[in-house]
Amino acid sequence: MADRLDLACLVCGHVGLDDGSDGYFYCQRCGSQAEDIRDTADDHEELFEGRQASQVRRTIKPVDTIRKSVTESQTQSQFWDSLRTLEDDFDAGNCVGPTGPSDFGSGLRTLSYEDYYSEIRLKYVMGVQIMIQLQCKALVEKFQVSPLIVGMAGTLWLRFVALTRIFSDGWADEAINESESQKEGHLDPSDPSYFYDEPHNMLGQRAVMIWYRSLNKTIPLSYSLVISFLVCHLAREAILPTDIIKWALEGKLPYFSAFVQIEKQIGPHSTACPISSSRMFRPAHVISAQKLESLAASVANTVGLELPPVNFYVIASRYLMQLSLPMEKILPHACRIYEWSMPPELWLSANELRLPTRACVMSILIVSIRILYNINGLGEWETILLSGSRGQLLMEQDGETEPTCSTDMKDADTSELLLSLETKFNELNDNYEYSKDLPTYLQYCKDVVFAGLEPSLEDHEEQKIIEDLWDFYQKRKGSDPSDDRDVGSFERSGDHKRSREHVIITPKESKKLKDTGCTSNNQLEDSMCNGNDSSQHSFSCRNENPTFDGKTYVESHKDRAIRRLRSNMEENRFCYIEPRVNVKKRNDYLHYMRKKDEGAYTYAAHADYYILLRSCAKVAQLDIRNMHVGVLSFERRLGWLEKRIDHCLKVKPPNDTCDFCSSDVENDSMLCRS
């Protein structure tokens, strides 16, 4: 007999049975065994010898393979039962039974209109669910997430599918009518005569592709990542949208290559669903972290789920560890601010234009650090530059002269904090794991980029070429280090030249640098920064260097470092402010502002605050301007709360009382007299 039979399955109705090599045939979709079909073979030698033909059964599968097939069949059967139950809930009002007699036994039959859209719909929903299951399994096994997310994901997914109404009776017809109403639709490049058995709409488009596009539009493949992130949020895990996106790109979460496992579980394409698994379940791109967070809130609103805020304690602890900051000093203070303010930005929002929740978490940490370490533009970073280096600063702190007051101790802690943040900023590089070396990248290309593609090994030529090229690479790697030696010597010589403490600039170059600067603007600076200073500050939006007529300008280590910092600030549309002097109240909190200049916002900041801001923004994977906007928004909320509390404390209770209260007071006074 043939290895494949075009017969209908008695369990799910799918047309197509595969030979199991054990005398039985199994359904391609649900894996159930056909009970009324046996595979037999004739012994031709006995037939020609005049003997009676005997029936020979083929080789039986191993026990482990049979058990695996039975387990997968039971799993798929449970899924089909859940989908049938789900479909019956929508058809609860229709009590019409079978409209005609069914044939005894099974045989070849023509696929109906309903067979096509039912097969495509069930296969797509089942494939997305398998993708979610694979992602939850990877989160539990690779990233130590709570196993509770597996059960939560199943419940959340089935409820969301039910509310999309794709299992309603009129879904297929609505999709066809919508495609016909569009003036410019998706035209299939394939020959329509090749698919003459399939249903088409009035425009000649294949109904199979119309239904698939409708399903992909209602439930995109990116919703698998959304469901995975949402259940992690419900389980109070420290999993951020940036983590989900990064792991999906690296292939640690089954997303781009999940179609390989999906095809192994639900089988290849069939006559009723001719779309391949690679086309149906292989996404073309990954959504952004901001889009992922907004879609998670949208899905929660769809199913009527009331979400909790993000787990501030766990996420803040993770950020402090990445920044190498003292957790025991900063975290309790930040938690008190969080519990007191409870900003609404800590809840997921369906608004994609709003700042993400991680920006609010980091804003609370920045405000806490500024309060604890008195980072208010007092020139701590410039003081560090005057000391020369980190080692000299540590020697000064560990010297015989100890600080005589708490302010000196706080300044020393602030200097150490800024040095640590500056070092951490240079060390933090969010690189993908597959970019660390060539073998890792090649393995990533094999498992993720070119997943499902196998070389044609008919004559083994392709495999032999691959092995020869790889052996050639391994032999040549590191065999000729002359180029590396030359490059290293050039870099060392360049570093040696750049390590000089002073740079000599001619008067002509100094004049050129002066021409590129801009004059100070005290009015703009006063509107951008509010503080209690007795002196006037000035800042410039570009490099500004003093010049001396006829003399050579000597750029010191401090000037060079500040010039580089100014250049970095200008790239992010920040303006450098000189340190505050003659400050009356050193512990006052300094509030920064932004001003719209020439159609764009310009931000002004001191060096110490900018060092803190850019390190925190890099850890949270946010643009530094968005991080600054989040800090300003949270500071405004704290200021509003302080004003409301001060107003409530000053409000006196009213003298007028109602009749009920006055009667109670009179009764109490009479009881006291008696």
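Since the model is a prediction, treat every value here as computed from it, not as a measurement.

Quick word on the overall build of the protein
Of regular secondary structure, the protein possesses 26 helices and eleven strands. Out of the 674 residues belonging to the protein, those deemed buried represent 41%. Excluding contacts between residues fewer than 6 apart, the proportion of contacts in the protein whose partners are at least 24 apart in sequence is 74%. Taken as a whole, the protein presents about 39,200 Å² of accessible surface, with 52% of it coming from carbon and sulfur.

What about unusual backbone geometry?
Trans peptide bonds make up the majority, and among non-glycine residues the majority have a negative phi. Non-glycine residue Gln144 carries a positive phi angle of around 55°. Note that Gln144 resides in the loop between helix 3 (113-143) and helix 4 (148-163). A relative accessible area of 62% means that Gln144 is categorised as exposed. Residues other than glycine seldom take positive phi values, yet Asn374 does so here, at roughly 55°. Within the secondary structure layout, Asn374 lies in the loop between helix 14 (357-373) and helix 15 (380-387).

Side note on helix 6 (residues 207-218)
Under the 1.5 Å per step criterion, the end-to-end length of helix 6 is 16 Å for twelve residues, consistent within 8% with the ideal 16 Å. Buried residues along helix 6 sit against helix 3, helix 5 (171-181) and helix 10 (277-280).

A closer look at helix 23 (residues 557-571)
With 15 residues, helix 23 should reach 21 Å at 1.5 Å per residue; the first-to-last C-alpha distance of 22 Å fits that figure. Among the residues making up helix 23, those that are buried are Arg560, Ala561, Ile562, Leu565, Arg566, Asn568 and Met569. Within two residues after helix 23, Arg573 carries a phi angle of roughly 60°, on the positive side.

A short note on the pattern of salt bridges
Where charged atoms of side chains with opposite charge meet at close range, the side chains can pair. Going through the model one piece at a time under the given rule, you end up with twelve salt bridges. Note that Glu635 is salt-bridged to Arg370, the shortest N-O span being 3.2 Å. Here Glu635, found in helix 25 (residues 624-650), pairs with Arg370, found in helix 14; they are 265 residues apart in sequence, far enough to count as distant. Judged on exposure class, the residue Glu635 and its partner Arg370 are both buried. Its salt-bridge partner being Arg625, residue Asp623 comes within 3.3 Å of it at the nearest N-O pair.

Regarding the pairing of strand 8 (residues 574-577)
Here strand 8 shows a buried face lined by Phe574 and Tyr576 and a second buried face lined by Cys575 and Ile577. Relative to strand 11 (residues 600-605), strand 8 runs parallel, the two sharing three bridges. Residue Tyr576 lies in a different strand from strand 11, and its bridge partner there is Ala605.

Some words on the nonpolar core
Ranked by internal contacts, the top residues of the largest apolar core, which has 82 residues, are Tyr124, Leu139, Trp157, Trp211 and Phe281. Residue contributions to this core peak at 16 residues, all from helix 3. Dropping the residues within four chain positions of it, Phe281 is found in contact with Lys123, Tyr124, Gly127, Val128, Met131, Leu221, Tyr255, Phe259, Ile262 and Ile266. Within the second largest apolar cluster, 63 residues are counted, among which are Leu417, Leu421, Tyr576 and Phe634.

Observations regarding the packing of helix 14 against helix 25
Packing of helix 14 against helix 25 leaves a shortest axis separation of 9 Å and a crossing angle of 70°. With respect to their mutual orientation, helix 14 and helix 25 come out roughly perpendicular. Crossing of helix 14 over helix 25 shows right-handed handedness. Note on element contacts: helix 25 touches helix 14 through Met627, Gly630, Val631, Phe634, Glu635 and Leu638, opposite Ala359, Met362, Ser363, Ile364, Ile366, Val367 and Arg370. Grouping the amino acids of the contact of helix 14 with helix 25 by side-chain chemistry returns nine nonpolar, two polar and two charged.

Some remarks on the confidence of the model for the protein
In this model, the protein carries a mean pLDDT of 75, and residues with pLDDT of at least 70 account for 68%. Taken element by element, the protein is modelled with least confidence in strand 4 (residues 503-505), mean pLDDT 38, and with most confidence in helix 7 (residues 223-234), mean pLDDT 96. Confidence drops under pLDDT 50 across residues 46-76; counting only partners more than four residues distant or on other chains, this segment forms 32 contacts. Considering only residues more than four positions removed or in separate chains, one finds that residues 102-107, a stretch of pLDDT under 50, has five contacts.

Some remarks on the packing of helix 24 (residues 607-619) against helix 25
To characterise two packed helices, one gives the angle between the axes of the helices and the distance between these axes. Two numbers describe how helix 24 lies on helix 25: the axes approach to 9 Å, and their chain directions differ by 110°. One way to sum up the angle between helix 24 and helix 25 is to call them roughly perpendicular. Facing helix 24, whose interface residues are Tyr609, Tyr610, Leu613, Arg614 and Ala617, helix 25 presents Ile624, Met627, His628 and Val631. Residues belonging to the contact of helix 24 with helix 25 are distributed by class as follows: seven nonpolar, one polar and one charged.

Section: the sheet that holds strand 1 (residues 4-8)
Spatially, 1-2-3 is the arrangement adopted by the three strands of the open sheet, whose pairing is antiparallel. Of all strands in the sheet, those bounded by a partner on one side alone are strand 1 and strand 3 (25-27). Pairs of neighbouring strands in the sheet enclose a mean axial angle of 40°, with direction left out of account. Judged from the three bridges that link them, strand 2 (residues 15-19) and strand 3 form a sheet pairing that is antiparallel. Residue pairing in the sheet places Asp19 in a bridge with Phe25 of strand 3.

Considerations on the packing of aromatic side chains
Enumeration over the complete set of coordinates arrives at 17 aromatic pairs. Look at Tyr434 and Tyr441: their rings are 6.3 Å apart centre to centre, the planes differ by 50°, and that puts the pair in the tilted class. Following the ring pairs from residue to residue traces out a cluster consisting of Tyr113, Tyr117, Trp171 and Trp211. Above the ring of Tyr601, the side-chain terminus of Arg594 is found at 4.0 Å from the ring centroid. The ring of Phe425 has Arg614 sitting right over it, with the charged end atom 4.3 Å from the ring centre.

Digging into a nonpolar patch on the surface
Taken together, the side chains of Leu438, Tyr441, Leu442 and Trp470 make up a nonpolar region of the molecular surface, amounting to roughly 330 Å² of accessible area. With three residues, the top contributor of residues to the nonpolar patch is helix 18 (residues 438-449). Relative to the elements of secondary structure, Trp470 occurs in helix 19 (residues 461-476).

Concerning the environment of Ser257
Along the chain, Ser257 falls in the loop between helix 8 (241-250) and helix 9 (258-266). Of the residues examined, Ser257 reaches a relative accessible area of 18% and is grouped as buried. Counting along the chain gives 126 residues from Ser257 to Met131, while the straight-line C-alpha distance between them is 9.7 Å.

Thoughts on the environment of Glu422
Structurally, Glu422 can be placed in helix 17 (residues 406-427). Here Glu422 falls in the buried class, since its relative accessible area comes to 17%. Sequence separation between Glu422 and Leu612 is 190 residues, and the spatial gap between their C-alpha atoms is 8.2 Å. Once you skip the residues sitting within four places of it in the chain, Glu422 turns out to touch Trp381, Ile611 and Arg614.

Calculation notes
- Residues numbered from 1 in each chain as written.
- Predicted model: local features only at pLDDT ≥ 70, side-chain atom pairs only at ≥ 80, totals over all residues.
- Heavy atoms only, no water.
- Helix = DSSP H or I, 4+ residues; strand = E, 2+ residues; numbered from the N terminus.
- Buried < 20%, exposed > 50% of the residue type's maximum accessible area, 1.4 Å probe, protein only.
- Contact = heavy atoms within 4.5 Å.
- Areas by Shrake-Rupley, 256 points an atom, 1.4 Å probe, with all protein chains shown as cover.
- Expected span 1.5 Å × (residues − 1).
- Salt bridge = Lys/Arg side-chain N within 4 Å of Asp/Glu carboxyl O.
- Pairing = 2+ DSSP bridges.
- Core = buried A, V, L, I, M, F, W, Y, C linked by side-chain atoms within 4.5 Å.
- Axes fitted to C-alpha atoms, helices over the stretch in contact; angles between N-to-C directions.
- Parallel < 35°, antiparallel > 145°, perpendicular 65-115°, else oblique.
- Left-handed = near helix turned anticlockwise from the far one by under 90°.
- Nonpolar A, V, L, I, M, F, W, Y, C, P; charged D, E, K, R; others polar.
- pLDDT = per-residue confidence, 0-100.
- Phe/Tyr/Trp six-rings, centres within 6.5 Å; stacked < 30°, edge-to-face > 60°.
- Lys NZ or Arg CZ within 6 Å of the ring centre and 35° of its normal.
- Patch = residues over 30% accessible without salt bridge, like charges linked within 9 Å, V, L, I, M, F, W, Y side chains within 5 Å.

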